[in-house]
Every structure is written in C-alpha cells, then in structure tokens.
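# Geometric and topological summary
What follows is the residue order along each chain.
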Amino acid sequence: MTRIDRRALFASGAAAALLAATGVSAAPKRGGRLKAALSSDMFDKAVAATVFNNLTEIGADGTLRGELATDWTSDQDGLSWQFSLRDGVTFHDGTAFDARVVDLPFNIRTLDRHRVEITLEEANPNLPYLLAQPGFEQRSAAGFGTGLYQVQKLDKGRHFIGARVEGHWKSENAGWFDSVEFVQFGLETVRSEALRDGLVDVADIATLDAYADPRDFQTLRDGDKTTFIASQTIAVPATVGKAWPLDNLRMAERWWMA
C-alpha cells in the first residue's frame, strides 16, 4: 500500500500532522476521533472490545466490576454461579439484551429475564475474572453488540470506524471520543511510520520510527514490555493495575484527547 493510500484511510487526519499536547488533561473530556494503526492480531480484538461488552470487566485500575452483569454469587464449591444482569440494555439494532440471549461456553440456565445460573464441570473461583477476558463478549443473534461504540464502517480485518452510542449506560464515566478508527497494517514499520507522520494517535509497536521525536510520544507498557506507543495528544488513566495494565484493547472507552 502506498503512502497516498494510507493517508486516504484517515481522511479526518490526513490534512496535517497532529500537534503534540503540552500536558495531560486532569480529567477526561469529550470529543475527537481516536485513530489507531494495529497489527492483524490486535485489530479484531480491539474492534470486539469496542463494539461488544462482557458480563464483567477489569477496570484500568485492575478492579473487577460488573459490565452487563451487576452482581454475582456462587456456592461454596465455586461450581454454581448466579449472575444478575443489567436492566434496560439493548443491542445496537434495538433488540433487548437479557438472560435469554446470554451466550457462554458453559451450562447456562435462565432463572428469569435478568438472572442466569452457570454450572461448571470443575470449580472455578475466578469465573468472574475469566468472563472479563477477550472471547467472552456478548453478541445478538444478528451479530450486534451493546458497547459504547457501534459499527459505522467495517472492512473486516482491515478498517473499522465506530461512532459513540448516545445515552449509553456508561456514557457518564467512559467513551470520551466521538468516534474511533482502526486500520490494520501487517508491517510494524508501516504502523511506526503512520504514528510518526501523525496519521494515527496510537500504534501497537515496540519502538518508534527512527525519524520520530521521542518527546512527542508516550510508551504504554505491559510489565517491562512496550506494547503500544501513543502520541502525547492522547491521555490515559493515571492509575492502572499491575495484572492487566491499561487493557489497551479498550482504548476507545478509556482514553481521551489530552
């Protein structure tokens, strides 16, 4: 793909490189479009984390909390679990999310419209943590999600644009961008170049392009390993957990323009 083609994919940001911010916002603010250059492995996962929700989630600070579920209990053995589901949630096509559509690879029994019982073959006291992981997102029968952003454009495996859902139950505390855009580039050198040239705000790369000014960027680590590099125009939560730092797949929901 040529440089011209890459710029065409980012029409909203192709006219000029983004200006680096002088500091990080003290509190999240709404607006703007997050643009990310992602590898083939990260692309599908990031789209799923943006469009869909899980029953539970691990916050940026590492705290386990409910997402589509509001609370849960288990028996002493950790074999049988009951989850209460959030009321009033709809998929992006307007159909209702309730106990009847919960889809998980376990034995599930519907107790009523807002409660399900999960019975495991082997005890797992960490089931709520497991359900927060990628791969346990909830979809409608038609493939729609309940996330903060709904699909505006999807070229599968290549290009995604998502628009923020107005009135979402999380909208007071998350989802600060008006829209998000992900493009898949298989070569790390191409992702690095896109970040250096200001075509994107973040890329899943380990090192900067040789011609980039390090002062314009911030490295986002998972332990001692750099997994993403972002422009200083992007702000991230100040407090992050150690077990799952930042959960960068949820960048659309948790980051904002600095």
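Here's a quick rundown of the structure. In this text, all values refer to a predicted model and were calculated from it rather than measured experimentally.

### Side note on the sheet that holds strand 12 (residues 217-222)
The sheet built from seven strands is open, its strands ordered 8-9-10-1-11-13-12 with mixed pairing. Looking along the sheet, the strands with just one partner apiece sit at the ends: strand 8 (149-155) and strand 12. Note that strand 11 (residues 202-203) and strand 13 (residues 225-231) share two bridges and pair antiparallel. Each bridged residue has a counterpart across the sheet, and for A203 the counterpart in strand 13 is I229. Helix-sheet contacts for helix 2 (residues 40-51) involve strand 1 (33-38), strand 8, strand 9 (159-164), strand 10 (179-184) and strand 13, and the interaxial angle to strand 10 is about 160 degrees.

### Quick word on helix 4 (residues 188-196)
What helix 4 keeps buried is the set V190, R191, S192, E193, A194 and L195. In the stretch just after helix 4, G198 is the one whose phi turns positive, near 80 degrees.

### Some details on the packing of aromatic side chains
Summed over the entire model, instances satisfying the criterion amount to five aromatic pairs. Ring geometry for W72 against F83: centres 6.0 Å apart, planes inclined by 35 degrees, an arrangement best described as tilted. Of this pair, W72 sits in strand 4 (residues 69-74) while F83 sits in strand 5 (residues 80-85), and the two are 11 residues apart along the sequence. Classification of F83 by relative accessible area gives buried; the value is 1%. Judged by centre distance (6.3 Å) and plane angle (5 degrees), the rings of F106 and F136 are stacked. Here F106, found in the loop between strand 5 and strand 6 (107-112), pairs with F136, found in the loop between helix 3 (127-130) and strand 8; they are 30 residues apart in sequence, far enough to count as distant. Owing to a relative accessible area of 14%, F136 belongs among the buried residues under this scheme. One aromatic cluster is present, built from ring pairs that chain together W72, W81 and F83.

### Looking at the pattern of salt bridges
Taken as a whole, this structure holds 22 salt bridges when the rule is applied. Here E67 ties to R250 by a salt bridge, and the two come within 3.0 Å at their closest N and O atoms. With E67 in the loop between strand 3 (64-66) and strand 4 and R250 in the loop between strand 14 (234-235) and helix 5 (251-254), this pair connects stretches of sequence that are 183 residues apart.

Analysis parameters
Residues numbered from 1 in each chain as written. Predicted model: local features only at pLDDT ≥ 70, side-chain atom pairs only at ≥ 80, totals over all residues. Heavy atoms only, no water. Pairing = 2+ DSSP bridges. Helix = DSSP H or I, 4+ residues; strand = E, 2+ residues; numbered from the N terminus. Contact = heavy atoms within 4.5 Å. Axes fitted to C-alpha atoms, helices over the stretch in contact; angles between N-to-C directions. Buried < 20%, exposed > 50% of the residue type's maximum accessible area, 1.4 Å probe, protein only. Phe/Tyr/Trp six-rings, centres within 6.5 Å; stacked < 30°, edge-to-face > 60°. Salt bridge = Lys/Arg side-chain N within 4 Å of Asp/Glu carboxyl O.

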